[in-house]
Amino acid sequence: MYRKNILFFLLLVLISASCTEKEIVIPEYKPPTTKKAILVEEFTGVRCTNCPNGAEILKNMEEKYGDLIVPISIHSSDTWATPTKSSKYDFRTDDGNKLMDLLSPLLYPSASFNRVFFENQDEIPVSPPSLWQSSIEEELAKENVTFIDMISDYNPDTREINIKITISPLTDIEGDFKLSVALTEDKIIDAQTFEHNIIKKDYEFNNVLKDMITPYDGTLLGSNLAKGAKIVKSFKYTLPTSKNLWVAENINLVAFITGSKDNALLPVLNAVKKHLIE
Amino acid sequence: MYNKNTVLYFPFIFILLISTHGFSQKKGVISGGLESNFNFFLSDTLIGATNIPQYDNLLYGAESWLNLRYTYATWEMGVRFDMFNNSNLRNPTKTYTEEGIGNWYIKKKIKNLEITAGHFYDQIASGTIFRAYEQRALFIDNAIYGLRLKYDISKNWNIKAFTGRQKIDFETYPAVLRGANIEGFIRLGKDEKIISIAPGFGFVNRTHDKKTITKLVNTIKNYIPDEQVSPTYNTWLATAYTTVNYGMFTLYFEGSYKSPEIFFDPVAIKTEFNGSKVAGKYKKDAGTVFYTSMGFVKSKLGITAEYKRTENFDFRTDPTLVLNYGLVNFIPPMNRLNTYTLTARYSPATQLLSEQAYQFDVRYAFNRKLSLNVNYSNITNLENELLYNEIFTELVYRNGRKFKLVTGLQHQIYNQPVYEKEGSESVVAYTPYIDILYKLSRYQSINFEAQYMSTKQDYGSWINLFAEYSIAPHWGFEASAMYNIYPGERSPKDKDDKPQSILYPSLGITYTNGSNRFGLRYVKQVEGVVCSGGVCRLEPAFSGMKFSVSSRF
C-alpha cells in the first residue's frame with residue numbers, strides 16, 4: 001500500500017512537471033505598410049449602454065491607422081437603436097436593418113472587419129470590442145489584392161454629388177463581386193444612453209450610416225476578376241435637406257468591394273472613405 | 001476538431017457490438033432516452049416576439065437528443081444523436097441547424113483501472129477548477145473529448161487523470177486540457193466519537209494553441225507599455241478540499257488557486273495610445289476561490305451556513321470567449337435555488353472576477369404537519385458593492401397526503417445594472433406566494449399557485465397565477481397567466497410611449513404513458529434572464545406553441 005501511494009504521488013509529480021515555459025515577448029508595435037483598408041461595420045444603438053465605449057475604441061483605431069480604417073456605424077435593432085425619449089433623430093435605416101440581417105450581430109456593440117468570420121466567434125461581427133484590435137491586426141497582415149480609388153465632385157447649390165470609383169485587381173480573383181457605396185455622417189449631436197441608464201443629450205455620433213447609393217448588398221462588378229483589369233463605376237446622388245442633418249461638411253463617402261462564392265460571403269477586398277468636402 | 005465523418009461510423013460499430021453480444025450467453029443491457037422540443041413561432045410585436053428568423057420566415061424550430069447506452073460485463077459504451085433544426089436555443093435571436101453525433105464514448109473497467117475514451121462529463125471537487133457538464137436549457141455542453149483514466153488505489157482512495165479538449169457544438173476548441181484528482185476517505189475514532197474525513201486534491205492545466213496566443217499578442221502589443229502583459233501557453237489550477245463529518249456537524253472547505261494568466265476584465269480601465277480611457281482590457285493575474293459550508297442537523301432543526309470569495313477566476317478554454325462559452329470551471333452560486341416563476345425572475349449569475357457571498361439556511365419542523373424554512377443570502381463584489389440580497393421564508397403545512405400548502409415571502413435586492421447591464425438602479429422586490437396541492441381522490445389532484453411581485457424597477461409589478469389539474473397516471477392540464485399589473489420603465493410601450501399592462505397567458509396539456517411523456521403548450525413568455533445552477537443568459541420573449549416528447553427506455 002505504501003509503495004502504491006509513493007507510485008501515485010510520483011505520477012502526480014510527473015503530470016504536473018515541466019511547469020516553466022519560454023516567455024513570450026510582446027513585439028514592438030510597427031505601423032502597417034499595407035494598402036488594404038479594413039471596412040469596419042459597427043453595430044450600435046442609442047439605447048446600448050456599452051456602445052459609447054465601443055465607439056471610443058473605434059475612434060482611437062481611426063486615429064491610429066488613418067485611412068486603413070473605413071468605419072460605418074450601423075444603428076439597427078429595435079432593442080438597441082429605437083430612439084430614446086430624449087432623442088431628436090432616428091438613426092435606423094432600411095439599409096442598416098438589411099445589413100444587420102445579413103451579418104447577424106449577436107451582441108451590441110459588435111463590429112465586422114472586412115466581413116471575415118473570425119475563429120471562435122459565433123457570427124461575423126466580433127464582440128466584445130476588446131477583440132477588435134486583434135481582428136484588425138489579423139486583417140492588416142493580409143495581402144492587398146485590389147486597388148480602389150474614389151473621386152467625387154459636390155455642387156453645393158444643387159447638393160448633387162458625382163462619384164467615380166476605379167477598381168483594379170492586383171491578381172486574378174475568383175468569385176462574384178459587387179461594389180457598395182454608402183453615405184455616412186459625422187458630428188451629429190443627439191441623446192445616447194450610458195451605463196445606469198444615464199442619457200447624455202449632447203453625445204457626438206460619427207460615421208452614422210445615412211443611406212446607401214447602391215443596393216445594400218452592392219451593385220454587380222463582375223465575376224472572376226482578372227489581374228490588371230480596370231473597372232470604373234460612376235454614381236450620382238443628391239443630398240437630402242434636413243434641419244441639422246445631412247450637413248455636407250460632415251458627410252463621408254464610403255465604397256467597398258464585397259464578394260461571394262458558392263453563395264458564401266467572401267471577405268471584403270478593399271474599401272475607401274473620403275470626406276465629401278475635404 | 002474531431003472528424004464528423006469518422007464519428008458517423010460509431011453508431012454502426014455500436015450496433016455491431018450489440019448484435020454480436022446479443023447472440024452470446026451473457027446479454028448486455030441497452031438503455032437510453034429521448035428528449036425533443038418542437039417550437040411553433042407565432043409573432044407578437046407587442047411583447048417583442050418578433051424580428052428573428054423563426055418569427056419572420058421559418059415559423060418552426062426543433063431540438064432533439066437521443067441517448068443510447070450499452071453495458072456488457074465490464075464494457076460500457078454510449079452514443080448520443082443531437083439535432084437542431086432552425087433552433088433558437090444556441091442563440092435566441094438566430095437560427096441554428098446542425099445534426100450529428102453529439103457525444104460518444106467507450107468505457108472499460110480492467111480490475112482497478114477504468115478507461116474512458118470519447119466524450120465524458122466530470123468534475124473536480126465542487127467544480128471550481130474543472131467541471132465538464134451539460135445544461136441543455138442553456139445550450140451548455142462542456143464535455144471533454146479525450147481520454148480519462150480512473151484507478152482505485154484502495155477501497156477508500158482513488159485517483160483519476162484526463163487529457164482532452166472541450167467540446168463546442170459538433171467540434172472542439174483548440175486548447176488542450178489535462179488534469180488529475182486524488183480523493184479518499186478516512187475514518188477516525190470509535191463508536192459515537194467517529195470523525196470521517198474525505199480529503200482531496202486536484203489540478204488542471206490548460207495549454208493554448210499558437211493561434212490563440214497570436215490573437216492575444218496582436219491585441220496586447222497595441223496596449224501602452226505600462227499596461228502590456230505577456231500571455232503564457234500554460235495555466236495551472238490547483239484545489240485542495242475536504243469534508244469533515246462529526247456527529248451532527250458537517251464541514252466542507254475548498255481552496256483553489258489559478259496561476260497568473262491573461263483574462264478579460266470588462267471594468268478595468270485601458271489607456272489608449274492617445275491618452276483617452278476606455279473600459280475593458282486584458283489583465284494578467286493569479287486567481288483564488290475560497291468556499292466553505294457548515295451544516296448542523298438535529299432531529300427537527302437543520303442549519304447550513306456558506307461563505308465564498310472569488311477573485312479573478314474567469315477560466316475559459318480561450319480567454320477571448322464571452323457569455324457562457326468555453327468555461328472550464330463552475331463556481332457554485334450562493335443564493336437559494338428558487339422555483340416559482342416570480343420568485344425565480346431575478347436570479348444572480350455567479351461573478352467570476354470579484355465576488356464575496358454568504359448564505360444561511362435554517363429549517364425547523366414544528367411537528368409532522370408544519371415546517372419553516374428561512375434563507376438569507378448576500379452577495380457583494382470585493383469592493384463591497386451590493387450585488388444581491390435575498391430573504392426567503394417558506395412555511396409548509398401538510399395534512400395527511402391530501403393537502404399541502406406552501407406559502408411565504410421573498411424580499412430581493414438585485415443589482416440589475418451589474419447583472420444585465422440594464423436599468424439605472426437595483427431592483428427591489430417583495431414577492432409573497434402561495435402554493436396549494438389538494439388531492440381530490442387517489443387519481444385526481446389540483447395544484448394552484450399564486451405569486452405577486454411588487455417592485456418599482458424594471459418591468460414593474462407582476463401577478464402570476466398557475467393552476468394544474470392532474471388525472472394520474474396519464475393526464476395533466478395546466479393554465480397560467482402572468483400579468484404586468486403595474487408596468488415599469490422596461491415594459492413594452494404603447495403608441496404614446498407609455499408602459500402597457502400586458503397579459504402573458506399559457507395553456508398546456510401533458511400525457512404520460514409509462515416512461516413516455518408528451519406535452520403541448522401555448523406560451524406567451526416575457527423576456528427575462530434564464531438561470532440554471534448559477535449560469536444565466538438573457539432570454540427574449542416567446543410567443544407560440546411548444547410540443548415536447550421525452551422517453552426513457
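Position numbers for residues count from 1 along each chain, tracking the sequence in the order it is written. In the order they appear in the text, chains get letters beginning with A and ligands get numbers beginning with 1. Note on the predicted model: pLDDT of at least 70 is required for a residue's local features to be given, and 80 or more for side-chain atom pairs to be given and counted; whole-chain, interface and lining totals, by contrast, use all residues.

### A word on the interface of chain A and chain B
Spelled out, the test is: Contact between residues is assigned whenever the C-beta positions, reconstructed from backbone atoms, fall within 7 Å. Numbering of helices and strands starts at the N terminus; helices are DSSP runs of H or I of at least 4 residues and strands are runs of E of at least 2. Put simply, Ala, Val, Leu, Ile, Met, Phe, Trp, Tyr, Cys and Pro go in the nonpolar bin, Asp, Glu, Lys and Arg in the charged bin, and everything else, Gly too, in the polar bin.
Each side of the interface is counted separately: chain A has 39 residues, and chain B has 46 residues. Among the elements of the structure, helix H1 (2-15), helix H2 (51-65) and helix H5 (132-140) of chain A are those that each provide at least two residues to the side of chain A that touches chain B. Here the side of chain A that touches chain B takes 6 residues from H2 of chain A, the largest share from any one element. In terms of residue class, the side of chain A that touches chain B is built from 14 nonpolar, 12 polar and 13 charged.

### Quick notes on the environment of Asp141 of chain B
Looking at the element boundaries, Asp141 of chain B is found in strand S9 (residues 140-141). When the C-alpha atoms of Asp141 of chain B and Asn103 of chain B are compared, they prove to be 9.7 Å apart, with 38 residues separating the residues in sequence.

### Focus on the environment of Gln192 of chain A
Residue and element names in this part refer to chain A. With respect to the helices, strands and loops of the structure, Gln192 is situated in strand S7 (residues 188-193). Along the sequence, Gln192 and Asp157 sit 35 residues apart, while their C-alpha atoms lie 33 Å from each other. Those residues in contact with Gln192 that sit more than four places away from it in its chain are Val46, Pro52, Lys200 and Tyr203.

### A short note on H5 of chain A
We count it as follows: Exposed residues have 12 or fewer other C-beta atoms within 10 Å of their own C-beta, buried residues have 20 or more, and residues in between are partly exposed; the C-beta atoms are placed from the backbone.
For H5 of chain A, the set of buried residues is Trp132, Gln133, Ser134, Ser135, Ile136 and Glu139 of chain A. Looking at the buried side of H5 of chain A, the elements it contacts are strand S1 (38-44), H2 and strand S3 (110-113) of chain A together with helix H4 (210-220) of chain B.

### Comments concerning the pairing of strand S9 (residues 208-212) of chain A
All names here are of chain A. What counts, and what does not: Criterion used throughout: strands pair if DSSP finds at least two bridges between them.
When you tally the buried positions in S9, you get 4 out of 5 residues, the bulk of the element. With 4 bridges joining them, strand S6 (residues 173-185) and S9 adopt antiparallel strand pairing. Pairing of Leu183 across the sheet is with Asp211, part of S9.

### Examining the sheet that holds strand S4 (residues 146-155) of chain A
Residues and elements named next belong to chain A. Counted only if it meets this: To obtain each axis, a line is fitted to C-alpha atoms, and for helices this fit is confined to the stretch in contact; angles are then taken between N-to-C directions over 0 to 180 degrees.
Ordered by their spatial adjacency, 3 strands build an open sheet running S4-S5-S11, and the pairing between neighbours is antiparallel. Taken across any chain shown, the strands that pair with only one partner, and hence form the sheet edges, are S4 and strand S11 (231-238). Ignoring strand direction, the axes of neighbouring strands in this sheet form an average angle of 15°. Of the pairings in the sheet, the one linking strand S5 (residues 160-169) to S11 comprises 8 bridges and is antiparallel in character. When the bridges of S11 are listed, Thr166 appears paired with Val232.

### Some points on unusual backbone geometry
The step from Tyr108 of chain A to Pro109 of chain A runs through a cis peptide bond, and the omega angle for that step is 0°. Mapped onto the elements of the fold, Pro109 of chain A is located in the loop between helix H4 (94-103) and S3. Between Ser127 of chain A and the following residue, Pro128 of chain A, the backbone shows a cis peptide bond with an omega angle of 5°. The topology assignment puts Pro128 of chain A in the loop between S3 and H5. Of note in the backbone geometry, Ala125 of chain B takes a positive phi value of approximately 55° without being a glycine. Note on placement: Ala125 of chain B falls in the loop between strand S6 (122-123) and strand S7 (131-132). Residue class for Ala125 of chain B comes out buried when judged on the 23 C-beta atoms lying within 10 Å of it. One non-glycine residue, Asp458 of chain B, lies in positive phi territory at about 55°.

### Quick word on the nonpolar core
Our working rule: Here, a nonpolar core means buried Ala, Val, Leu, Ile, Met, Phe, Trp, Tyr and Cys residues linked by C-beta atoms lying within 7 Å of one another.
In this structure, Ile38, Val70, Ala255 and Ala271 of chain A are the most contacted members of the largest nonpolar core, which totals 57 residues. The dominant element in this core, judged by the number of residues it contributes, is strand S12 (residues 251-261) of chain A, at 6 residues. Those residues in contact with Ala271 of chain A that sit more than four places away from it in its chain are Ala37, Ile38, Leu39, Val70, Val254, Ala255 and Phe256 of chain A. In this structure, Phe130, Ala180, Leu237 and Tyr241 of chain B belong to the second largest nonpolar core, which totals 27 residues.

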